[in-house]
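# Remarks on the overall topology
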2 protein chains.
Amino acid sequence: MMQNKPIGFFDSGVGGLTVVAEIFRQLPDESVVYFGDVGRYPYGPRSKDIILQFTRQDVAFLREQDVKFIVAACNTASAVALETVAAENDIDMLGVINPGARAAIEATRNGRIGIIGTHATIASDSYPKAIHKLDDKVKVFSLACPLFVPLVEEGYQDKQAARLIAEDYLKSLREVKIDTLVLGCTHYPLLKKTIQDVIGSDVRLIDSATETAAEARKYLEQKGLLRSDGKQTRHKFYVSDVPDRFAPVAERFLGRRIDNIIIVDITKY
Amino acid sequence: MMQNKPIGFFDSGVGGLTVVAEIFRQLPDESVVYFGDVGRYPYGPRSKDIILQFTRQDVAFLREQDVKFIVAACNTASAVALETVAAENDIDMLGVINPGARAAIEATRNGRIGIIGTHATIASDSYPKAIHKLDDKVKVFSLACPLFVPLVEEGYQDKQAARLIAEDYLKSLREVKIDTLVLGCTHYPLLKKTIQDVIGSDVRLIDSATETAAEARKYLEQKGLLRSDGKQTRHKFYVSDVPDRFAPVAERFLGRRIDNIIIVDITKY
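Residues numbered from 1 in each chain as written. Chains lettered and ligands numbered in written order. Predicted model: local features only at pLDDT ≥ 70, side-chain atom pairs only at ≥ 80, totals over all residues. Heavy atoms only, no water.

## Quick look at the relation of the copies chain A and chain B
Heads up, the condition is: For this overlay, a least-squares fit was computed on C-alpha atoms, restricted to residues scoring pLDDT of at least 70 in both copies. Contact between two residues is taken to exist if any of their heavy atoms lie within 4.5 Å; hydrogens are not considered.
The two copies are related by a screw motion: chain A maps onto chain B through a turn of 180° and a shift of 0.0 Å along the axis, at an RMSD of 0.0 Å. Taken together, the rotation and translation relating the two chain copies correspond to the operation of a two-fold axis. Using C-alpha coordinates, one finds that chain A approaches the rotation axis most closely at alanine 161 of chain A, a distance of 2.2 Å. Of all interface residues in chain A, 100% are interface residues in chain B too; the two copies therefore contact each other through one and the same surface.

## Considering the packing of aromatic side chains
What counts, and what does not: Each Phe, Tyr or Trp ring, with Trp reduced to its six-membered ring, pairs with another whose centre is within 6.5 Å; inter-plane angles below 30 degrees give stacked pairs, above 60 give edge-to-face pairs, and intermediate values give tilted ones. Counting from the N terminus, the helices are the DSSP runs of H or I reaching at least four residues and the strands are the DSSP runs of E reaching at least two. Relative accessibility under 20% of the residue-type maximum defines a buried residue, over 50% an exposed one, and the middle range a partly exposed one, all with a 1.4 Å probe and only protein chains included. Placement of a positive charge over a ring is assigned whenever Lys NZ or Arg CZ falls within 6 Å of the ring centre and within 35 degrees of the normal to the ring plane.
Per the stated rule, a full pass over the model turns up 19 aromatic pairs over all chains. When the ring of phenylalanine 61 of chain A is compared with that of tyrosine 238 of chain A, the centres are 5.0 Å apart and the planes differ by 75°; the resulting orientation is edge-to-face. Residue phenylalanine 61 of chain A is located in helix α2 (residues 48-64), and its partner tyrosine 238 of chain A is located in strand β9 (residues 236-239); the two are separated by 177 residues in the primary sequence. Assessed through its relative accessible area of 2%, phenylalanine 61 of chain A is described here as buried. Joined through ring pairs, the aromatic side chains of Phe35, Phe61, Tyr238 and Tyr269 of chain A make up one cluster. Positioned above the aromatic ring of phenylalanine 54 of chain B is the side chain of arginine 40 of chain B, whose terminal nitrogen or guanidinium carbon lies 3.8 Å from the ring centre.

## Overview of the side chain of glutamine 26 of chain B
Residues and elements named next belong to chain B. So the rule is basically this: Polar contact is defined as a pair of N or O atoms within 3.5 Å, subject to the rule that within protein one atom must be able to donate a hydrogen and the other to accept it, and that residues adjacent in sequence are counted only when both atoms are side-chain atoms.
Following the sequence through the fold, glutamine 26 ends up in helix α1 (residues 17-26). When its relative accessible area of 16% is taken as the criterion, glutamine 26 is described as buried. A polar contact is formed between the side chain of glutamine 26 and the backbone nitrogen of alanine 214, at a distance of 3.3 Å. There is a polar contact of 3.3 Å between the side chain of glutamine 26 and the side chain of arginine 217. Setting aside residues no more than four positions away along its own chain, glutamine 26 makes contact with Thr210, Ala213, Ala214 and Arg217.

## Looking at the sheet that holds strand β10 (residues 261-263) of chain A
All names here are of chain A. To keep things clear, this is the line we draw: The criterion for strand pairing is that DSSP finds at least two bridges linking the strands in question. Every axis corresponds to a line fitted to the C-alpha atoms, with the helix fit spanning only the stretch in contact, and the corresponding angles, defined between N-to-C directions, vary from 0 to 180 degrees.
Pairing in this open sheet of six strands is parallel, and the strands run β4-β3-β1-β2-β9-β10 from one edge to the other. Edge positions in the open sheet fall to β4 (93-95) and β10, since each of these has one partner strand only. Averaged over all pairs of adjacent strands, the angle between their axes in this sheet comes to 20°, without regard to strand direction. Two strands pair when backbone bridges link them, and strand β2 (residues 32-36) and β9 are joined in this way by four bridges, in the parallel orientation. Counted as the bridge partner of phenylalanine 35 is tyrosine 238 from β9. Sitting on the sheet, α2 is in contact with β1 (7-11), β2, β3 (69-72), β4 and β9, with an inclination near 155° to β1.

## Overview of the interface of chain A and chain B
In plain terms, the rule: A quick way to say it: buried area is the sum, across both parts, of accessible area lost when two parts are put together, with a 1.4 Å probe. Residues are grouped as follows: Ala, Val, Leu, Ile, Met, Phe, Trp, Tyr, Cys and Pro are nonpolar; Asp, Glu, Lys and Arg are charged; all remaining types, including Gly, are polar.
Opposite the 26 residues of chain A that make contact, chain B presents 26 residues. Across the chain A/chain B interface, buried area totals approximately 2,000 Å², and carbon plus sulfur atoms make up 60% of it. The three residues of chain A that bury the most area against chain B are Arg46, Leu147 and Tyr156 of chain A, which together make up 24% of that side's buried surface. Within the residue set of the side of chain A that touches chain B, elements represented by two or more residues are α8 (148-153) and α9 (160-175) of chain A. With six residues, α9 of chain A is the single largest residue contributor to the side of chain A that touches chain B. Its residues assigned to classes, the side of chain A that touches chain B shows 15 nonpolar, four polar and seven charged.

Here it is, written out as structure tokens:
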């Protein structure tokens with residue numbers, strides 16, 4: 001039965017687990033197959049051709065695991081490669097850009113939206129494009145915040161250093177009076193408290209992980225693909241290099257223990 | 001003439017340019033070929049097999065450029081792969097570990113040496129091993145400081161956030177009363193001022209870039225391989241992915257402009 005198959009997720013590393021954590025919350029009966037491409041992390045600074053090649057391989061691996069639906073839980077892959085790779089495959093896929101863009105449009109009152117993300121996501125201009133496709137009168141202000149990812153990965157998200165760096169980065173967005181800010185990177189939800197403190201409580205934060213999980217749920221409901229066999233869920237986690245450093249960071253992102261992380265040679269796909 | 005050939009350098013990215021900057025200072029008549037593997041950066045979190053494969057390719061590329069001597073200007077490659085790859089090649093090579101270890105032994109008075117570096121360099125235990133081969137009575141205290149690299153790459157080395165993070169990291173090394181600290185990562189020389197302020201002026205900092213350049217100079221002198229044709233130097237910089245982000249960071253590391261950065265498909269080597 002198609003609907004009892006797992007949902008597939010891929011990301012360049014651990015960040016996509018914030019989307020998985022939301023799926024666990026919103027769809028607790030679904031089983032998950034996650035592939036974290038830690039051996040080729042990060043995707044952000046790489047060229048379009050390389051990101052396209054990596055995304056094709058990630059999707060080919062997940063298809064081999066017989067998933068019913070694929071979530072590109074990676075802003076870079078969603079921004080740069082998803083449209084092309086989705087057109088090449090006969091399985092439905094969802095990225096993290098459109099759900100975040102839609103939620104931002106719904107949230108804004110003054111028509112001024114901020115986007116923060118990695119160098120690659122901001123340079124790709126994907127969020128402004130997705131937002132302007134829905135509403136071309138909205139003003140979008142984009143800003144790369146490259147230190148946020150390493151700060152989160154090293155567990156510094158609540159320290160004073162993170163706050164100082166956030167103040168430095170977000171100053172320009174405060175000046176342009178946005179009322180909505182999209183967290184355009186799967187690592188940023190862990191910095192939500194610091195970002196909210198710095199940007200001010202009158203700015204609405206859009207968490208693309210939450211929005212992507214909500215859109216996945218809506219899609220599966222509409223297609224009659226929600227799991228219904230009543231069996232226990234079985235989650236599987238795959239990585240493309242030694243899992244030593246993946247496990248502890250992954251557990252912080254997911255808020256639960258992971259056993260049995262399997263190594264895959266992704267270059268063979 | 002062998003001695004008029006350039007010196008080859010490779011690194012996983014821009015960090016190795018701190019060694020090149022020292023060569024420019026100590027050996028201004030030498031020409032340099034530099035390969036920065038930005039397309040596969042960082043090496044630090046990868047497995048030994050992958051780092052070995054990458055190092056073999058980096059060396060094969062430099063040999064094709066007809067260099068007279070190869071410097072592994074990368075702590076991870078030096079720590080994990082250099083010994084193996086040097087044994088496979090009939091060209092002399094120098095890594096950054098041994099010069100730093102030797103200088104630390106010469107500098108210490110109380111026999112207590114600290115080492116800071118990336119996760120991979122610290123986990124490899126290469127500095128303690130190299131130091132203990134020279135003097136097994138010295139006490140070595142190792143510490144990973146993973147946020148230092150992104151702070152330097154984003155130009156945050158002199159900001160308050162960098163100071164707070166340095167205080168956090170270096171606290172334990174102050175407690176164990178080291179009198180010598182090895183900067184075991186090619187990015188760290190740019191943080192020298194902050195690190196010296198935090199660790200205290202009584203601790204001697206060993207900059208492995210300076211020491212490696214000095215050892216390269218000594219080697220070339222002894223072998224009669226110093227350049228002597230009196231012609232103008234010609235430096236070449238190669239990278240394994242788009243150079244857009246390489247150029248500005250590289251110029252900060254090198255303290256001079258670089259033109260003409262060439263892209264190489266390193267996976268073919």
